[in-house]
Amino acid sequence: MDDSSSTASNVARAIAAAFDWSSPPDTRKAAVAYLESVKSGDIRVLAKTSLLLVRKDWSSEIRLHGFKMLQHLVRFRWDEFSIAERSEFANLTLNLILEMVSPREEWALKSQTAALAAEVVRREGVTLWHELLPSLVSLSNKGPIEAELVAMMLRWLPEDITVHNEDLEGDRRRVLLRGLTESLTEILPLLYKLLEKHFGAALNEYAKQQLDIAKQHAATVTAALNAVNAYVEWAPVPDLAKYGLIHGCGSLLPYNEFRLHACEFFKLVCQRKRPTDATASEFDSAMNTIFQMLMNVSRDFLNRSRSNFHAIDESEFEFVECICESMVALGSSNMQCIIADGTMTSQFLQQMLEYYQHFKIALHFQSLLFWLVVMRESLSKRKAATHIAGDNSAGSNLGFGSGLAEKEKKGVSAFINDDICSAILDVSFQRMLKKNIVVGNSPTAEALELWSNEFDGKSDFSQYRSRLLELIRLIAFRKPLVAAGRVSHRIDSVIRNFVHASMSAQELVVVESMQLGLETVVGAIFDGSAEFVSSAPETKFQLHSTLEGLLQQLLSLKWTEPTLAVTLGRYLDAFGPYLKYYPDSVAGVVNKLFELLTSLPLAIKDPSSNNARHARLQICTSFIRIARAADKSLLPHMKGIADMMAYLQGKGQLLRGENNLLGEAFLVMASSAGIQQHQEVLAWLLEPLSKQWTSLEWQNAYLSDPFGLPRLCSDTQFMWSIFHTVTCFEKALKRSGTKKAMMNLQGCSTPTDISTYPHPMSRHLSWMLPPLLRLLRSVHALWSQPIAQALTGELRAAKSMSHVEQATLLGESNIKPPKGQLSFADGSQMDMNREGESNENDIRNWLKGIRDSGYNVIGLSATIGDAFFRCVESPSVALALMENVQSMEFRHIRQLIHLVIIPLVKFCPADLWGTWLENLLHPLFLNCEQALTCSWSCLLHEGRAKVPDTFGNLSGLELMVEVMEEKLLRDLTREICSLLSVLASPGLNSGLPSLEQLGPANRLEVSSLRDLDAFVSNSMIGFLIMHKGLALPAMRISIEVFAWTDGEAVNKVIPFCGSLILLAISTNNVELREFVAKDLFYAIIQGLALESNAIISADLVGLCREIYVYLADRDPAPRQILLSLPCIKREDLLAFEDALTKTSSPKEQKQHMRSLLLIATGNKLKALAAQKSTNVITNVTAKTHSSAAGPSVEEDNVIGLAAIT
């Protein structure tokens, strides 16, 4: 006993040190290590020590930790006790409950005691529970504290039923569920009795001003409610009604002390699904009752909110938010329970509409989720129906003129009329804003409480607005006339308010927000489905009249200020889908866009012109959006647009970046006309560039020697001309895919094999690519040591990372680029820094733009296939890309892999693998393996990754630099692993058999194994292994990554490892088999020791299983490695192998492998242990309620079983 007391004192001191943040870090670390050693040490010492620590003579903090140690013992080490010891421990635990009967005991300690008792019952099973239940009923009758403890235990008992937990086997879980289900006839009445008895007692004692006793009864009511909420997710709903719990919780809703806990009950029960058995009618009856209860509470609140919302405090808003959330769940899952009652259904929908219109964002947000469900269901029913009954005007009468059978058939959609849809749309348009501004027309005549950053925990604003837009889209699809009318009315009122006065920034936000609404409505109505095409002529006429009127109003606006011009352009391109069906309006839109373009000033030597240049580029992108949406409607206007472009160019009023965008729009238009016209547009766009691009004069001047590129950077005009040429190539490739252009073969009346037609860009590759490769080689050379040291200070500084790139690495959201660095889809922002900005920024942007677009051009060209690989010499590509790869920064290598190398690997013909891939991949793998190994070693051992990337002058911001360095390291690691994953992709390994094709390991004959040569031409992995120079660095990366604490990178490399295993199983190659059986097997087990790999631990165990099952009989290494693990015994391995022979199920074999690894390492594999602990979740809601009673707040913070590990 003295030893136990001594250990308890040591543990107590360790607990105090571990939680004392004023202690030195080393002291806290040592204390935690000591506590872990006690938990994993002798179980009887652990039990005696923990039982001593929960005594009342210790502090609450130490007692609480003692309970958690006991919980850990029961959950994880219970089987180490003998049967007699378990029985003794169970009795001691139940005695602890009796010792807790004191008004002075803290709630957290009582909760942990009850959780411990519940854990013991779960471990011992149903027999103990049946023995214990009468005692618990008797104990609950003694007093409020005893009743509270019983309720707490009942709350913790069903933990493993509703929560997945790998530590509780399926059979034992089923036994527990069956035992508790059989006891529901006793548990549920007991819980109702506790609610009724102690609620009444609390009221009586409060009336007598016996506040302390009243609080004890109130605490019991709260504990009983929490217990009820632990059963409501799985207990039959009819039983909840039968034993009075629905009525009981409903009765508590008016009382501030209990209403949030009672509301939690309804939030859970409302999510239950209707059963298909004989109890369905009882379920419907219970849910009908719940509808009435919640609607009564809701009606009272909405009435008071309309009459005097100032009298409602925040705690009530919080409560009503919970009520609304329950109604959303109820309406989303169980409307069938009231659909037969038209009056109740209409009242429910009206309440949900009022919540949607409410000025409080939280109530509106909850209602939004309901209306999304209803509208999605309505749309799916309309699409599933063989005939869409009625037109839009008939639909407006749904809900009040149809028969009951028709309503039940249509569901809630029968009750959704034009007025409801109009009201939802009006609110949705107003709430497209983020900041609080007065938008009027709110139900309270006050400003709507719009989305703000303070309203968190739900989603960010972009997700919220996406939901609003989806709701608008669903309504527009269902009620096109209503949607067109409301959006037109809203835009008309917005424009009329601002047309006579200069627009403030606040007003501009309102105007801009409606562009998204218009785009959504028009897109939904004219989305190409049969809905619009098959609609009645009158409907089409009204839609055309409404939208054409709005379009003409927009065309008449004279907005020439840059920001307004951009907004007007976006309004016009929102009409793109409309123009597809009404091409007569195209000319007016095109003319207006050119009018806006020419109304804005051309570049002048003034930084203030950036806004105008930004606007001009955005207007040009509107042409692209319209061309994409309007399809063939723009074809008759192509010549006119081309003539206008030529006129503007002749006048010097069209910049190169703008010309590129309009050219891209031309390619989009041509893609709908057929391949012949597409090729003609490409020739018209590209051939004028070929003469300058292929000229040897500029190439010899700037690309023939190492210092030619610095000279090019001093010729600003020509520098940007080259940039725009490269981006033009990029856009031409992006817009020349086969998906659309090839499918619209002009003049083809019969199906044609698309593969017989050359890619539209094929004929241009031979002159486009050689100068580009020389240019990229020169760019790469700027980072090589001899040239880098000789560069001017300005050019050296330009190679460093921009502020925007740094912000992206740091994960800073909503970063606006510095003025002059605005980002556009075509990269034309690079051009904007020429005037008024430093030459350093100018060169930095140009270098980045050339690299981005140049890499894209090569990668996109590779997707063409044969035409690319046979028109360009592979040595020139390898020289341009890999000559200076050892000097590249990590960000540039990652970009090179992502944009160039991966497409080259994916699309390289198999007969050219040897010619192309060895020269490209060998230097890349070699450099990446060396660089990553060095950087990861520094990060893991010195705490800082050393990367070659330069950040400019960031003195005093060392921590920020360290964060960026680590991010760059992880990004490159994940990208190289992605490349390895591509190498292992099924499309590149058609000759590699799957495990299913190979069959069971015991049927795999050695004579059936093939030589590695057999896989060289039909498996990229086979090709890789045959070329050792390629294979060795790639294989080293694949095993080193398991130690690099990056679970995402490991996840990406798993397919590569899997393919290596398959190849090792399928071939007789000794070197590969030894690598897989020894190096890879050991590396994977080491990877399981890292918690970062927890989420993919199942896949890693699967790889271990494949290696062992298929290779252990051919190589001794897997057995040797397992036997070298610290805690394994030979009997464990023999038992494992015996278990493997008894099942052919991969799932069961994986479970055996997992269990063996845990035993063999003494539960030290953190990836597997972490997976265990993540499954230990409680039923306690994650949301805290500020107005809840004290104990409920504590329960949210001290969640018992979730904290024991």
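Small disclaimer: the values here were computed from a predicted structure and weren't measured.

Visitor: Whenever I open this one, the confidence of the model for the chain confuses me. Can you help?
Guide: Caution is warranted with low-pLDDT regions, since their predicted coordinates should not be read in detail. Counting all residues, the mean pLDDT for the chain is 84, and 85% of those residues have values of 70 or more. The model gives residues 164-169 a pLDDT under 50, and that stretch makes 16 contacts with residues more than four places away or in other chains. A low-confidence stretch, residues 815-837 (pLDDT under 50), is modelled with 59 contacts involving residues beyond four sequence positions or located in other chains.

Visitor: Hey, could you run me through the environment of L136 in this one?
Guide: Relative to the elements of secondary structure, L136 occurs in helix α7 (residues 126-140). The exposure class of L136 is buried, given its relative accessible area of 5%. Not counting chain neighbours up to four residues away, the residues in contact with L136 comprise W129, V150 and M153.

Visitor: Help me understand the packing of helix α22 (residues 418-430) against helix α23 (residues 461-478), please; the structure alone is not making it clear to me.
Guide: Between two packed helices, what matters for the description is the angle formed by their axes and the separation of those axes. Following both chains from N to C, one finds α22 and α23 inclined at 150°, their axes separated by 10 Å at the closest point. What the angle tells us is that α22 and α23 run roughly antiparallel. Considering the relative orientation of α22 and α23, their crossing is left-handed. Across the interface between the two elements, C421, I424, L425, S428 and F429 of α22 pack against L468, L471, I472 and I475 of α23. Looking at the contact of α22 with α23, its residues break down into eight nonpolar, one polar and no charged.

Visitor: Could you clarify how one ought to interpret the packing of helix α37 (residues 716-734) against helix α43 (residues 839-862) in this entry?
Guide: With their axes 9 Å apart at the nearest point, α37 and α43 run at an angle of 30° to one another. If you check the angle between α37 and α43, you find them roughly parallel. Of the two elements, α37 crosses α43, and the hand of that crossing is left-handed. Note on element contacts: α43 touches α37 through D842, N845, W846, G849, I850, S853, G854, N856, V857, L860 and S861, opposite T716, M719, W720, I722, F723, V726, T727, F729, E730, L733 and K734. In terms of residue class, the contact of α37 with α43 is made up of eleven nonpolar, eight polar and three charged.

Visitor: Can you help me understand the packing of aromatic side chains in this one?
Guide: What describes a pair of aromatic rings is the distance from one ring centre to the other and the angle between the planes of the rings. Following the criterion strictly, the structure yields 33 aromatic pairs and no others. Their ring planes at 80° and their centres at 5.7 Å tell us that F575 and Y578 sit as a pair that is edge-to-face. Y578 matches F575 in its accessibility class, with the two residues each being buried. Consider the rings of F594 and F623, whose centres lie 4.9 Å apart with planes at 50°: the pair is tilted. In this pair, F594 sits in helix α30 (residues 586-599) while F623 sits in helix α31 (residues 610-630), placing the two residues 29 residues apart along the sequence. Relative accessible area serves as the criterion here: at 5%, F594 is assigned to the buried category. These aromatic residues form a ring-pair network of at least three members: W693, W698, Y702, F718, F729 and W767. Taking NZ or CZ as reference, K360 lies 4.8 Å from the ring centre of F317, over its face. Sitting over the face of the ring of W783, R851 holds its NZ or CZ atom 4.9 Å from the ring centroid.

About the thresholds
- Residues numbered from 1 in each chain as written.
- Predicted model: local features only at pLDDT ≥ 70, side-chain atom pairs only at ≥ 80, totals over all residues.
- Heavy atoms only, no water.
- pLDDT = per-residue confidence, 0-100.
- Contact = heavy atoms within 4.5 Å.
- Helix = DSSP H or I, 4+ residues; strand = E, 2+ residues; numbered from the N terminus.
- Buried < 20%, exposed > 50% of the residue type's maximum accessible area, 1.4 Å probe, protein only.
- Axes fitted to C-alpha atoms, helices over the stretch in contact; angles between N-to-C directions.
- Parallel < 35°, antiparallel > 145°, perpendicular 65-115°, else oblique.
- Left-handed = near helix turned anticlockwise from the far one by under 90°.
- Nonpolar A, V, L, I, M, F, W, Y, C, P; charged D, E, K, R; others polar.
- Phe/Tyr/Trp six-rings, centres within 6.5 Å; stacked < 30°, edge-to-face > 60°.
- Lys NZ or Arg CZ within 6 Å of the ring centre and 35° of its normal.

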